[in-house]
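Each chain, written out:
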Amino acid sequence: MRRHTTVALIIGLAAIVAAVLYAGAGEVVQAIESLRLSGLLLLVLVHLPIVALMGFAWWLASGSDPPASQSRFVWARFVRDGAGELLPFLQLGGIVFGLRALGRGRAVAIGAVSASIDGVIELAAKVPYAFAALLTLLALAPQSPLARLMSLAVAATGAFVAILLLARRSLSASLQGMARAISARWPTVLSLEGPDGYDVQACLHLIMSQRGRLWSAFALHLVCWVLGAAEAWLTFRLLGVDLTFWQALAIDGTVVGLRTFGWLVPAAAGVQEASYMLAAAVFGITPASAIAASLARRARDLVLGVGTLGTAAVGDANFAPLTLSLLKPRQRPRVR
């Protein structure tokens, strides 16, 4: 774990603790207890089709000749997200687990390229969703000072997406470098040399030329963002907070937008909680309920991540060998 990542995590965790104390630890615990185990399981079940849609979007972003079936891409997205939640400090992140769940060779090469493209598309789809949340916030609470911060978040996200789209050559070079790193450490998983090697840069250009599939992936990701507002509405209702769908859209969209500023902090620790408190306060929701909603979201992701990785380690032949190689400590050469 790098030093700056460790420092960021410590600050984020401290911010969560400070937020809980500010909201009142007893009130936060009481709010979470009102969710109950049945409510948490309901949130997990509701989130399943959203992850499935994101997996299908990844399949669309893999080109007209995808290296695996739609169901395999959906499963790989579950693995990818689960590893990202539970093992955020692992080198190359959860993407390695997701690629390994796809298969080997061609599946890994095209999977790596398409995962990067899919990530940009997912981020791009956040822009109209966050903008819709901003408009909703202005309509429901026109005097709220949060609108200025939200406007900045939308602009920052849009600018970042534009930079990524314009820097296609840099993205291509980065993908090639990532492929070399995977190939060097796990040559049985991906080979870039010999007759079975893969040209990552050519693969990127081919996928980017298939605009119809990319726009379809964009539409799916936008649907998933909107479904996040429905999840937020359900979460607050399970916590005993009565609010409309439009209020839930404003809150969730604000949280999604403000999380852009938390990309340096693992899992946006602290940033997410502060965003929930700021957005919920606009509609008179107590800090305790806002923190409880944020923690419920984290609990949902952790439960789903543990279940996914546990299933993969036991039942996925593609995944288990990589898990052992990743978790096995490297042996330093002996000095005579």
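Scroll up for the structure.
Conventions we followed
Residues numbered from 1 in each chain as written. Predicted model: local features only at pLDDT ≥ 70, side-chain atom pairs only at ≥ 80, totals over all residues. Heavy atoms only, no water. Helix = DSSP H or I, 4+ residues; strand = E, 2+ residues; numbered from the N terminus. Axes fitted to C-alpha atoms, helices over the stretch in contact; angles between N-to-C directions. Left-handed = near helix turned anticlockwise from the far one by under 90°. Contact = heavy atoms within 4.5 Å. Nonpolar A, V, L, I, M, F, W, Y, C, P; charged D, E, K, R; others polar. Phe/Tyr/Trp six-rings, centres within 6.5 Å; stacked < 30°, edge-to-face > 60°. Buried < 20%, exposed > 50% of the residue type's maximum accessible area, 1.4 Å probe, protein only.

Novice: So what about unusual backbone geometry? Which residues, and what values?
Specialist: The phi torsion at R36 lies on the positive side, around 65°, for a residue other than glycine. Turning to its location among the elements, R36 is positioned in helix 2 (residues 25-60).

Novice: So what's going on with the packing of helix 2 against helix 3 (residues 70-86)? Which residues, and what values?
Specialist: Where helix 2 contacts helix 3, the axes come no closer than 8 Å and their chain directions differ by 115°. The handedness of the crossing between helix 2 and helix 3 is right-handed. Between helix 2 and helix 3, the residues in contact are L48, V51, A52, M54, G55, F56, W58 and W59 and Q70, F73, V74, A76, R77, F78, R80 and D81, respectively. Classifying every residue of the contact of helix 2 with helix 3 gives 11 nonpolar, 2 polar and 3 charged.

Novice: Just give me the short version of the packing of aromatic side chains, but keep the residues and values in it.
Specialist: For the structure shown, the criterion picks out 6 aromatic pairs. Ring plane angle 85° and centroid distance 5.3 Å describe the contact between W58 and F73, whose orientation is recorded as edge-to-face. Of this pair, W58 sits in helix 2 while F73 is found in helix 3, placing the two residues 15 residues apart along the sequence. The same class applies to W58 as to F73, namely buried. The interplanar angle of 15° and the centroid separation of 6.2 Å between the aromatic rings of Y129 and W225 together place this pair among those described as stacked. Residue Y129 is found in helix 5 (residues 106-140), and its partner W225 is found in helix 9 (residues 211-238); the two are separated by 96 residues along the sequence. You can call Y129 buried: its relative accessible area is 2%.

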